[in-house]
Amino acid sequence: MHELPPSVGIELTRTSLQEYWLGRLSQHVLDSYAGVPLAKFPEDLRTYEHLIWLARPDVVIEIGTYGGGGALWLRDRLRTLATYGHISRPHVISVDLDLSQASALLARADPRYAEEITLVEADILDPALPARVEDLMPARTRCLVIEDSAHVYDTTWAALAGFAAFVPEGGFFVVEDGCVDVEEMRPAEDWPRGVLPAVRDWLRTPEGEDFTVRRDLELYGISCHPEGFLQRRPKAGG
Ligand SMILES: C[S@@+](CC[C@H](N)C(=O)[O-])C[C@H]1O[C@@H](n2cnc3c(N)ncnc32)[C@H](O)[C@@H]1O
């Protein structure tokens, strides 16, 4: 039997929003999907459902697998798209420095996971990684890309520079956990920093100028990804 995360209590007249946020933050790293660790807020998962419906990606590329719950949840959302006839085959490609834990946990939840989830053991800082991932997909595959690795400047930049090209017009690139750079959202001094500076710098590059920051997609008032929902603009006349 897997355990549910501890509940977060709230008293409307007493609990400050910051206390509530910090409670939710501690909770989300103990959450799971189908018994597999999944460190995402339910509100952000709902936003992903909207992005997947809007963009109808064939493949989700997730950078940062951790326990594998994100990959499994995303695969299951793509299965829904396939059931409705919008894509032919669900496929999630998930990258991490160490996949030993994720592969065991995924196999326990779904012994046939590898038919639709490809785990790639690699460092996002490796310049050969985008080509390696490209080889796993047919040409012109429409991807949703999610950067959820170390949440520092260099890894965020490497993910954007290496993987933005996989996002089609109107498609999304989500940079998770920009909350590390918002003082009021930080729970501890030893948290990493550098996500938002990397996103802002990259958006000023010629490649980045094709993307717009969709702050309206922080739909539910609470999100770990401020300034993180990036959408590639449709080409003029497109
Ligand atoms: C926040 S967790 C990912 C959570 C997961 N996406 C989920 O939704 O449950 C971050 C993961 O990124 C991985 N990571 C850290 N630095 C990395 C790097 N340079 N390249 C690839 N993965 C990295 C860590 O090993 C860790 O498993």
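Check the entry above for the structure.
Conventions adopted
- Residues numbered from 1 in each chain as written.
- Predicted model: local features only at pLDDT ≥ 70, side-chain atom pairs only at ≥ 80, totals over all residues.
- Heavy atoms only, no water.
- Near = heavy atom within 4 Å.
- Polar contact = N/O pair within 3.5 Å; in protein donor to acceptor, adjacent residues only side chain to side chain.
- 1 Å grid on protein atoms, 1.4 Å probe; cavity = no way out; pocket = protein on both sides within 12 Å on 5 of 7 lines; lining within 4 Å.
- Sits in = over half its atoms within 2 Å of the grid points.
- Nonpolar A, V, L, I, M, F, W, Y, C, P; charged D, E, K, R; others polar.
- Points joined across faces, edges and corners; volume = space filled by probe spheres on them.
- Buried < 20%, exposed > 50% of the residue type's maximum accessible area, 1.4 Å probe, protein only.
- Helix = DSSP H or I, 4+ residues; strand = E, 2+ residues; numbered from the N terminus.
- Pairing = 2+ DSSP bridges.
- Axes fitted to C-alpha atoms, helices over the stretch in contact; angles between N-to-C directions.
- Contact = heavy atoms within 4.5 Å.

Asker: Which residues make up the site of the ligand, and what values go with them?
Answerer: Looking at the ligand, there are 17 residues lining it, with Lys 40, Gly 64, Asp 96, Asp 123 and Asp 148 nearest. Contacts to the ligand include Asp 123, whose side-chain N or O atom sits 2.9 Å from a nitrogen atom. Judged by its atoms lying within 2 Å of the grid points, the ligand is housed in the largest pocket. In terms of residue class, the shell around the ligand is made up of seven nonpolar, five polar and five charged.

Asker: Describe the layout of surface pockets, listing the residues and the values that go with them.
Answerer: Of the volumes computed, that of the largest pocket is approximately 520 Å³. What lines the largest pocket is a set of 29 residues, among which Tyr 66, Asp 148, Ser 149, Ala 150 and His 151 lie closest to the centre.

Asker: Tell me what's going on with the pairing of strand S9 (residues 229-232), and back it up with residues and numbers.
Answerer: Each regular strand shows side chains that alternate between the opposite faces of the sheet. Going residue by residue along S9, you find Phe 229 and Gln 231 tucked away on one face and Leu 230 and Arg 232 tucked away on the opposite face as well. Across three bridges, the pairing between strand S7 (residues 172-175) and S9 is antiparallel. Bridge pairing in S9 places Phe 172 opposite Gln 231. Of the strand pairs in this sheet, strand S8 (residues 211-213) and S9 are connected by three bridges, and their pairing is antiparallel. Bridging across to S9, Val 213 finds its partner in Leu 230.

Asker: Describe the sheet that holds S9, naming the residues involved and giving the relevant values.
Answerer: Taking strand neighbours across the sheet as the criterion, the seven strands line up as S5-S4-S3-S6-S7-S9-S8 in an open arrangement whose pairing is mixed. What marks the edges here is a single partner per strand, and that holds for strand S5 (117-121) and S8. Sheet twist, expressed as the average angle between the axes of neighbouring strands with direction ignored, equals 20°. Here strand S4 (residues 91-96) runs beside S5; their pairing, made up of five bridges, is parallel. Bridging across to S5, Val 95 finds its partner in Val 120. In the packing of helix H7 (residues 195-203) onto the sheet, contacts are made with S7, S8 and S9, and the angle to S8 comes to roughly 140°.

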